[in-house]
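Residues per chain, in single letters:
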Amino acid sequence: METFLTSCHEALEVNADNASTGFHVVLGNEACDLDSMVSALAHAYFLYKTVQNDRFPLPVLNIPKAEFVLRTDSLFLLRQTGLSQDLLLFRDQLDLRGLQQDGRLALTLVDHNILPSLDSELEGAVVEVIDHHHQEREPSPSCPVTVETVGSCATLVIERIFQKAPEILDQQLALLLYGTIVLDCVNMAPEAGKVTPKDSQYSALLETHFPGLPPRGALFQSLQNAKFDVSGLTTDQMLLKDMKAVSGGDLHLAVSVIYLTMEELLQRANLEEDLSAFCQKHGYDLLLAMTISFKDNKEPFRQLAIYSHSALYREEVSHALEQARSPALSLCPISSPYPHIKAYLQGNTLASRKKLLPIVKDFLREHKGDGCRGDQEEASLEAESQVPPTPMNSLVEGCPLDNGLPRISAQVLQEKFSKMAAQEESAGGH
C-alpha cells in the first residue's frame with residue numbers, strides 16, 4: 001500500500017499539467033469518516049492492481065488536509081497499520097474541476113451515491129458507484145451502481161476484492177478493512193441494528209485468512225476510544241470536531257459536543273481567548289458547548305457552557321435554556337472562572353444535542369421574529385463558515401438514555417449509543 005500511495009503522489013506531481021494523462025479518482029463522501037477513507041484507499045488499490053488503462057487511480061479524501069486531524073479514529077487505524085497520513089491525498093491537493101474540464105477525470109464514488117450540489121459539475125465524470133446508503137442514483141450503461149444496505153461500505157469493497165483479486169490482500173489492507181467493518185457494525189453486535197449477514201461473512205473471512213488480526217472486541221473499543229479522544233486537539237479543533245450551526249436573522253450560533261468534563265474544559269489554558277477567536281473566525285455570536293463524560297456506572301453526565309462576548313446574548317440564551325420545558329434541561333449554575341462563560345450542570349441527562357437544538361431554534365425565532373433558517377440553510381451556514389460536516393459515524397446526536405437505560409455493561413451501552421446514532425443518521429438522509 002505504501003508503494004501505491006507514493007506512486008499516487010508521484011503521478012500527480014509529474015502529470016498534473018500533462019494534458020494526455022488522466023486520473024481515475026476514487027472519492028469518499030464529504031464527511032470523510034473512517035468508512036469513506038478506507039473504502040477509497042482499498043478500491044483505488046484494487047483498481048491499481050487489476051485494471052490497466054491510461055487513467056491512474058487516485059484515492060482522494062473528500063476534505064481539506066487540515067481537517068484530517070479531527071478524524072481521530074482514522075488516524076488511530078492508520079497508526080495501527082503503519083501507514084503515514086502524509087501518504088494520503090486530500091480534496092484540496094488536486095483540482096477535480098480542472099481535470100473534468102480538460103476531459104482527464106473519471107470518478108468512482110464510494111460511501112455515497114450522489115454528488116452534493118457544489119460538485120454537480122463533476123457529474124459527467126462519474127463512472128461507478130459503490131455505496132451502502134439509500135439509493136438515489138439510477139444505474140446506467142456508463143455508470144454501474146452497486147448499492148446494498150450493509151453496515152459498512154468497506155464490506156462491499158472487500159467483497160469485490162475477494163471475488164476478483166484476493167491475492168492483493170495483505171495484513172495491512174486486511175486490518176484497514178476489518179477495523180472499519182467492526183467499527184461501523186458496532187462490534188458485530190446484532191442488538192445494535194447495524195450488522196448484516198454480508199458484513200459478518202466478510203469479517204469472518206478476514207479473520208480466517210489473517211489470524212494475526214487484533215481481537216475484534218479490543219479493536220472495536222480502541223477505535224471507539226479514539227473517536228472520542230480530543231486530547232491532542234486545539235480548542236478550535238475540539239469545537240469543530242462535532243458541531244452544528246444555526247442562525248436566526250443576524251444572530252449566528254454554534255453548538256459543539258465535547259467529550260470532556262466541564263472542569264477539564266474550564267481548566268484549558270487561555271480558554272476564553274480561544275473561544276473568542278473561534279467565534280470571530282467562524283462568524284458566531286454565541287457558542288454552546290455540551291460536555292459529556294461518563295459516571296462509574298457508565299451513565300452519561302452532561303454539562304453546558306455558554307459563551308458570548310455580548311452580555312445581552314449570553315443572558316438571553318441562558319434564560320431561554322433555563323426556562324425551557326420541552327424538554328426541561330434542569331440546569332443548575334456552577335462556578336465559572338471566566339466573565340464571558342456561564343456554566344451549568346444539566347440535570348436532564350436524556351437531553352442530547354438533538355433535543356437541545358429545537359430549544360435553540362425557538363430562541364432564535366423569538367429573537368428575530370420568524371427569521372430562523374431551516375435545515376438547508378443551516379447546512380449552507382456551515383459551508384460558508386468552512387465548518388466540516390459531522391462525520392457519518394458521529395455518536396453525539398443522541399444518547400443511550402434517550403429511550404431509558406437499564407443497568408448494562410459499558411460495551412452494551414456503546415452498542416446502544418451507536419444504534420441510536422445510526423437511526424438518527426438514516427432519518428437525516430445519511
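Bear in mind the structure is a predicted one, so any value in this text is a computation, not a measurement.

Asks: In this structure, what is going on with helix H13 (residues 353–367)? I would like to understand it.
Replies: Residues that lie three or four places apart on an α-helix share one face, since the helix turns once every 3.6 residues. A rise of 1.5 Å per residue sets the reference length of H13, with its 15 residues, at 21 Å; its end C-alpha atoms lie 20 Å apart and thus fit the reference within 8%. Residues of H13 that are buried include every one of Arg-353, Leu-356, Leu-357, Ile-359, Val-360, Lys-361, Phe-363 and Leu-364, and no others.

Asks: Is there a simple way to think about the packing of aromatic side chains in this case?
Replies: Each aromatic ring pair is summarised here by two numbers: the centre-to-centre distance and the angle between the ring planes. For the structure shown, the criterion picks out 8 aromatic pairs. An aromatic cluster of at least three residues, connected via ring pairs, comprises Phe-4, Tyr-45, Tyr-48 and Phe-56.

Asks: Would you explain the pairing of strand S2 (residues 55–60) in this entry?
Replies: Relative to S2, strand S1 (residues 22–27) is paired through 6 bridges, and the arrangement is parallel. Following the sheet pairing, His-24 is matched in S2 by Pro-57. One crossover worth recording links S1 to the parallel S2 by way of helix H2 (residues 34–50), and it is right-handed.

Asks: In this structure, what is going on with the sheet that holds strand S7 (residues 251–258)? I would like to understand it.
Replies: Working definition: the strands of a sheet are paired by backbone hydrogen bonds and lie parallel or antiparallel to each other. On the basis of which strands lie adjacent, the open sheet formed by 6 strands has the order S6-S7-S8-S9-S11-S10 and mixed pairing. Looking at which strands have only one partner, the edges of the open sheet turn out to be strand S6 (243–248) and strand S10 (331–334). If you compare each strand with its neighbour and ignore which way they point, the axes differ by 25° on average. In the sheet, S6 pairs with S7 via 6 bridges, with the strands oriented antiparallel. Considered in S7, the bridge of Gly-248 is made with Leu-251.

Asks: Got a minute to help me understand the confidence of the model for the chain in this structure?
Replies: The predicted structure's coordinates, where accompanied by low pLDDT, should not be read in detail. Confidence in the prediction for the chain averages 86 pLDDT; 85% of positions are at 70 or higher. Across the chain, element-level confidence peaks in helix H5 (residues 153–164) with a mean pLDDT of 98 and bottoms out in helix H14 (residues 375–384) with 38. A low-confidence stretch, residues 370–388 stays under pLDDT 50, and its non-local contacts, those more than four residues away or across chains, total 39 contacts. Under a pLDDT of 50 for its full length, residues 424–430 has, in the predicted model, 11 contacts with residues more than four places off or in other chains.

Asks: I'm lost on unusual backbone geometry in this one. Help?
Replies: As a rule of thumb, non-glycine residues mostly have phi less than zero, and peptide bonds are mostly trans rather than cis. The peptide bond linking Ser-326 to Pro-327 adopts the cis configuration, its omega dihedral lying at 0°. Considering the arrangement of structural elements, one finds Pro-327 in the loop between helix H12 (311–323) and S10. If you check the backbone angles, Val-186 has positive phi at about 55° while not being a glycine. Tracing the backbone shows Val-186 in the loop between helix H6 (171–184) and helix H7 (197–209). One non-glycine residue, Asn-187, adopts positive backbone phi at about 60°. Here Asn-187 shows up in the loop between H6 and H7. Judged by its relative accessible area of 7%, Asn-187 is buried.

Asks: I tried to follow the pairing of S6 on my own but got confused; where do I start?
Replies: Regular strands show a simple pattern: their side chains alternate between the two faces of the sheet. Among the 6 residues of S6, 5 are classified as buried, and the element is accordingly described as predominantly covered. Linkage of S6 to S7, two consecutive antiparallel strands, is achieved through a turn of 2 residues, within which Gly-249 is found at a positive phi near 60°.

Asks: Help me understand the packing of helix H3 (residues 72–81) against H6 in this model?
Replies: What describes two packed helices is the angle between their axes and the distance between those same axes. Interhelical geometry of H3 versus H6 gives an angle of 150° and a closest axis separation of 9 Å. The orientation of H3 relative to H6 falls into the category roughly antiparallel. Where H3 crosses over H6, the handedness of that crossing is right-handed. Residues Asp-73, Leu-77, Leu-78, Gln-80 and Thr-81 of H3 touch H6, and the partners they reach there are Gln-172, Leu-175, Leu-176, Gly-179, Thr-180 and Leu-183.

Asks: It is not clear to me how the packing of H5 against H7 should be interpreted in this structure. Could you clarify?
Replies: Between H5 and H7, whose axes approach to 10 Å, the crossing angle comes to 55°. It follows from the interaxial angle that H5 and H7 lie oblique. Crossing angle aside, the handedness with which H5 passes H7 is left-handed. Contacts from Thr-155, Leu-156, Ile-158, Glu-159, Phe-162 and Gln-163 of H5 reach H7 at Lys-198, Asp-199, Tyr-202, Leu-205, Leu-206 and His-209. When the residues that make up the contact of H5 with H7 are grouped by side-chain class, the tally is 6 nonpolar, 3 polar and 3 charged.

Reading guide: rules and limits
- Residues numbered from 1 in each chain as written.
- Predicted model: local features only at pLDDT ≥ 70, side-chain atom pairs only at ≥ 80, totals over all residues.
- Heavy atoms only, no water.
- Helix = DSSP H or I, 4+ residues; strand = E, 2+ residues; numbered from the N terminus.
- Expected span 1.5 Å × (residues − 1).
- Buried < 20%, exposed > 50% of the residue type's maximum accessible area, 1.4 Å probe, protein only.
- Phe/Tyr/Trp six-rings, centres within 6.5 Å; stacked < 30°, edge-to-face > 60°.
- Pairing = 2+ DSSP bridges.
- Right-handed = clockwise from strand over helix to strand, strands pointing away.
- Axes fitted to C-alpha atoms, helices over the stretch in contact; angles between N-to-C directions.
- pLDDT = per-residue confidence, 0-100.
- Contact = heavy atoms within 4.5 Å.
- Parallel < 35°, antiparallel > 145°, perpendicular 65-115°, else oblique.
- Left-handed = near helix turned anticlockwise from the far one by under 90°.
- Nonpolar A, V, L, I, M, F, W, Y, C, P; charged D, E, K, R; others polar.

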